[in-house]
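A look at the structure
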Amino acid sequence: MPLQLLKYNPGIVKDITEYAAGKNGPFYVDGDLVRFKNGYPQKFGGWQKDVLTELDAAGATTTTPTSLQGVPRKVVNWRAVADGEDRLAVGTHTHLYIVKNNSVYDITPLRKTSTNLSNPLATTNGSATITITDNSHGAQVGDYVVIEEATATGGITADTLNRKAGYEVETVTTNTFTITAPSNASSTVSSGGGTALDIKYLIGIDAGLGKQSSDPALGWGVGGWGEGTWNTPRSQAGSDVRFDNSSWTLNLWGEDLIAGVRNGAIYYYDTSAGESNRAVLLSGISGANSVPSIARVTAISFPDRHFIAAGCQEFGGSGNVDEMLIRFSDQEDFANFRPTATNTAGDQRLQLGTKIISMISAREEMIISTDEAIYGMTFVGPPFTFQFRLLATDAGAGGLNTMVQVDGDVYWMGKRQFYFYDGVVKELPCPVQHFVFDRMQRNFIDKVTAGHNKKFKEVIWFYVSDQNSAGVTNPENDSYVIYNYGENNWSIGTLDRSSWNDAFGFRQVPFAFDANGFLYDHETGTSDDGSAMNCHIETAPREISQDGNEMYMIDRIIPDTTMTSDTTLAVSLNTRKHPQGTETTKGAFNITSSTDKISVRAKGRQVSMKFSSSGTTDDWTLGDFRVNVRKDGLR
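Residues numbered from 1 in each chain as written. Predicted model: local features only at pLDDT ≥ 70, side-chain atom pairs only at ≥ 80, totals over all residues. Heavy atoms only, no water.

**Topic: the overall build of the chain**
Formally: For helices the rule is a DSSP run of H or I covering at least 4 residues; for strands it is a run of E covering at least 2, with both sets numbered from the N terminus onward. Put simply, the radius of gyration uses C-alpha atoms, and a globule should come to 2.2 Å times the residue count raised to 0.38. Note on classification: 1.4 Å probe, protein chains only; a residue is buried when its accessible area is under 20% of the maximum for its type, exposed when over 50%, partly exposed between these limits. Throughout, a residue-residue contact means that at least one pair of heavy atoms, one from each residue, lies within 4.5 Å. Calculation of accessible area relied on Shrake-Rupley with a 1.4 Å probe; when residues are assessed, cover is drawn exclusively from the protein chains displayed. This count recognises Lys and Arg as positive and Asp and Glu as negative, with His and chain-terminal groups excluded. The atom standing in for a charge is NZ when the residue is Lys, CZ when it is Arg, CG when it is Asp and CD when it is Glu.
The helix and strand tally for the chain stands at three helices and 53 strands. For 635 residues, the compact-globule estimate of 2.2 N^0.38 gives 26 Å, and the chain sits close to it at 28 Å. Overall size of the chain, expressed as C-alpha extent along the three principal axes, is 90 × 70 × 60 Å. Buried positions account for 54% of the 635 residues belonging to the chain. Partitioning the intrachain contacts of the chain with sequence separation of at least 6 by distance along the chain shows that 62% fall at a separation of at least 24. Total accessible area on the chain stands at roughly 26,600 Å², and carbon and sulfur atoms take up 46% of it. When the 55 basic and 72 acidic side-chain charges of the chain are each reduced to a single mean position, those positions are 8 Å apart.

**Describing the layout of surface pockets**
What counts is decided by this rule: In this analysis, the protein atoms alone were mapped onto a 1 Å grid. Cavities are point sets where a 1.4 Å probe fits without being able to get out; pockets are open sets with protein on both sides within 12 Å along at least five of seven lines; lining residues have an atom within 4 Å of a point. Grid points are joined across faces, edges and corners, and a volume is the space filled by probe spheres set on the points. Each residue is assigned to one class: nonpolar for Ala, Val, Leu, Ile, Met, Phe, Trp, Tyr, Cys and Pro, charged for Asp, Glu, Lys and Arg, and polar for all the others, Gly among them.
In this structure, the largest pocket spans a volume of roughly 1,400 Å³. Lining of the largest pocket is provided by 41 residues; of these, Lys74, Val76, Leu250, Ile360 and Gln405 occupy positions nearest its centre. Put simply, the parts of the chain that give the lining of the largest pocket at least two residues each are strand S8 (72-79), strand S21 (248-253), strand S25 (297-300), strand S29 (356-361), strand S33 (403-406), strand S37 (449-453) and strand S41 (499-501). No other element matches S8, which puts five residues into the lining of the largest pocket. For the lining of the largest pocket, the class distribution of residues is 20 nonpolar, 15 polar and six charged.

**A word on the environment of Leu573**
Relative to the elements of secondary structure, Leu573 occurs in strand S48 (residues 569-576). Along the chain, Leu573 and Gly126 lie 447 residues apart, while their C-alpha atoms are 60 Å from each other.

**Side note on the packing of aromatic side chains**
Using the following cut-off: In summary, the pairing rule links any two rings of Phe, Tyr or Trp, Trp by its six-membered ring, whose centres are within 6.5 Å, and it sorts them by plane angle into stacked for under 30 degrees, edge-to-face for over 60 and tilted for everything else.
Taken as a whole, this structure holds 20 aromatic pairs when the rule is applied. When the ring of Phe177 is compared with that of Tyr201, the centres are 5.9 Å apart and the planes differ by 70 degrees; the resulting orientation is edge-to-face. Highlighted residues: Phe177 in strand S18 (residues 176-180) and Tyr201 in strand S20 (residues 197-202), separated in sequence by 24 residues. The exposure class assigned to Phe177 is buried, which follows from its relative accessible area of 1%. An angle of 55 degrees between the planes, with centres 5.1 Å apart, marks the rings of Trp253 and Phe334 as tilted. Taken together, the residues span a long stretch of sequence, with Trp253 in strand S21 and Phe334 in the loop between strand S27 (322-328) and strand S28 (346-349) at a distance of 81 residues. Since its relative accessible area comes to 10%, Trp253 is described here as buried.

**So, the side chain of Asn77**
Checked against the element boundaries, Asn77 lands in strand S8. Residue classification places Asn77 among the buried positions, given a relative accessible area of 11%. Those residues within four positions of Asn77 in sequence are excluded, and the remaining contacts are Arg87, Leu88, Leu252, Asn501, Phe504, Phe506, Arg507 and Phe511.

**Focus on the pairing of S20**
Put simply, the test is: Two strands pair if DSSP finds at least two bridges between them.
Counting buried positions along S20 gives five out of six residues, so the element sits mostly inside the fold. With five bridges joining them, strand S12 (residues 110-117) and S20 adopt antiparallel strand pairing. If you follow Ser114 over to S20, its bridge partner there is Ile199.

**With respect to the pairing of S8**
In terms of burial, S8 is a largely internal element, six of the eight residues being buried. Looking at chain direction, S8 and strand S9 (residues 86-92) are connected through seven bridges and run antiparallel. What sits directly across from Val76, in S9, is Ala89. Counted between consecutive antiparallel strands, the loop separating S8 from S9 contains six residues, among which Gly84 sits at a positive phi close to 75 degrees.

**Observations concerning the sheet that holds S41**
To summarise the sheet geometry, strands pair through backbone hydrogen bonds and adopt either a parallel or an antiparallel arrangement. Applicable threshold: To define axes, lines are fitted to C-alpha atoms, for helices over the stretch in contact only, and angles between the resulting N-to-C directions are given on a 0 to 180 degree scale.
Spatial strand order, S5-S43-S42-S41: four strands in an open sheet with antiparallel pairing. Of all the strands in the sheet, just strand S5 (47-49) and S41 have a single pairing partner and so form its edges. The average angle at which neighbouring strand axes cross in this sheet is 25 degrees, direction not considered. Bridge analysis of strand S42 (residues 511-513) against strand S43 (residues 519-522) gives three bridges, and the strand direction is antiparallel. The residue bridging Ala512 from the neighbouring strand is Tyr520, located in S43.

**Focus on the pattern of salt bridges**
Put simply, the rule reads: What makes a salt bridge here is a side-chain nitrogen of Lys or Arg within 4 Å of a carboxyl oxygen of Asp or Glu, nothing more.
Following the criterion strictly, the structure yields 31 salt bridges and no others. We note a salt bridge from Glu332 to Arg305, for which the minimum N-O separation is 3.0 Å. In this pair, Glu332 sits in the loop between S27 and S28 while Arg305 sits in the loop between S25 and strand S26 (307-312), placing the two residues 27 residues apart along the sequence. Arg576 is the partner of Glu583 in a salt bridge, and the nearest nitrogen-oxygen pair spans 3.5 Å. In this structure Arg576 comes out as buried when scored by relative accessible area, which is 16%.

**A few points about the environment of His536**
Relative to the elements of secondary structure, His536 occurs in strand S44 (residues 535-539). With a relative accessible area of 17%, His536 lands in the buried category. The spatial distance from the C-alpha of His536 to the C-alpha of Asp32 is 5.4 Å, given a sequence separation of 504 residues. The residues touching His536, leaving out its near neighbours within four places in the chain, are Asp30, Gly31, Asp32, Val34, Lys610, Phe611 and Ser612.

**Quick notes on unusual backbone geometry**
Cis geometry is found at the peptide bond from Gly25 to Pro26, where omega equals -5 degrees. The topology assignment puts Pro26 in the loop between helix H1 (18-24) and strand S2 (28-32). Backbone torsion omega between Pro382 and Pro383 reads 5 degrees, so that peptide bond is classified as cis. Looking at where Pro383 falls in the secondary structure, it is placed in the loop between strand S31 (373-381) and strand S32 (385-393). A positive phi angle is found at Asp394, which is not glycine, with a value near 50 degrees. Structurally, the position occupied by Asp394 is in the loop between S32 and S33. Judged by its relative accessible area of 42%, Asp394 is partly exposed.

None of the figures reported here should be taken as evidence of function without further support.
Structure (structure tokens):
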């Protein structure tokens, strides 16, 4: 009875039939939380929640766990010279935060502040709703406010009312709005809160924040010709035009932060001023000149250091935004956008496309994606400052955060396929391309976020799938696709992350936020934050004989794995007589570090295997399995 080697090529293939994947590889055809390293499947590293803590009402640090408000969309990290401390800046769809020593500081810019209000709070016994009176407050539902200097009211303590996390506005009238306290009031008060109460209004809906998902446009011109009737809105299902969700572009200028709200204003945060201060309008700082009041995307060019705003109003203009216009500041002067004969500020309008989607720095040039094309922006010095080159058409990025730079090269997810730039734009061959894009909810492609895991030479994209538990109501990323650029293979799986950053500086492992505002350290441990990781990898069915004519009986599996002593790996053996015939499954059989063989009785022309684990301590890598076979009859 000869032993037959079942050797598979690395990578998952799903865009051809499973039988074809077995004949042409053979490859693997499915997996979850499994990567390929040195050509073999390996379970992902685990992740652990990195506990963030809130501030008390006085602004002092505490040990009380908290999470960020809003869905984190963008993160940058750095170490400040001012105090030597490490920081994260996090932009969510509602807030802008600094995380320092794991304490959360809200630095969201303010729209306005109302001071010394006299007893503006009203409570109702048994209700958590608080009504606040502030004439012409201008707040909208979904905006956030922070209350300061309030006294206890209706049994709700002063510390609760004055919490640094603030409150979301629930309902509004011209002169009042409501918020919801974390507990019910114990008495009815029609006028309370003290006589020196302040309310800080964070920027919100009017400034471009607060929109979790890209809503469909319903006006004239949306959908096909003749759809609907005159003077009626179009249906959401029929709309092929969508507004952008709320997001940020975050850039570091030295140790300071420049933060732009997409389709909103640009803000500046001075790290040396401390976390008690908030970001302010860039146009309002000393020396600012002609800063764009609205921009879609911002970036900093390297090595020349110009601050770049894309999708903004032309110099000296007001009113409509030109979504294809690039403006750049004077060199080394990020707040001066006024062009003169003696500086390098200027602008350039791109031609192909309707709007600029994303920008990212590559090797001594800026890569700019419109919705239709890719441009290269290279510093050439005065008098033109920058040269703009059309690099590719019909290759635009799918969303703001779908591009990632790896050692000067750029990878990105487009609207239908994946791309790569190393001096030339190339389509990236992908054997799971149709699987990913057919499975993706494309209305939410702008939520896709790209990341890098250099240790394993992986580029990862998180996306919203059609299996999302939220359906079509504000779903967030629940799935991923990975390209291993070191070994040129792909893998897929499920994981809910809204942002991802690689290990860098004080962050020694990759870290990511989920949609609930929790921070996780990845490649840490072997579990899902203490819970089981459900991992699996499945091979394509392959013929036992080269021509596939003979039936075989398999009576033994010889495992080849590297695993820890507390790992249990399950293997199932699947056989078929024909590619579309009924599959017979034997197992699952448990493999431990001491297992030398598994006895089984399975008959067929084709054989495949599925490996899985579901523990908290499992850690394994597969090798080359063998099976013991002999020819057998049809019966």
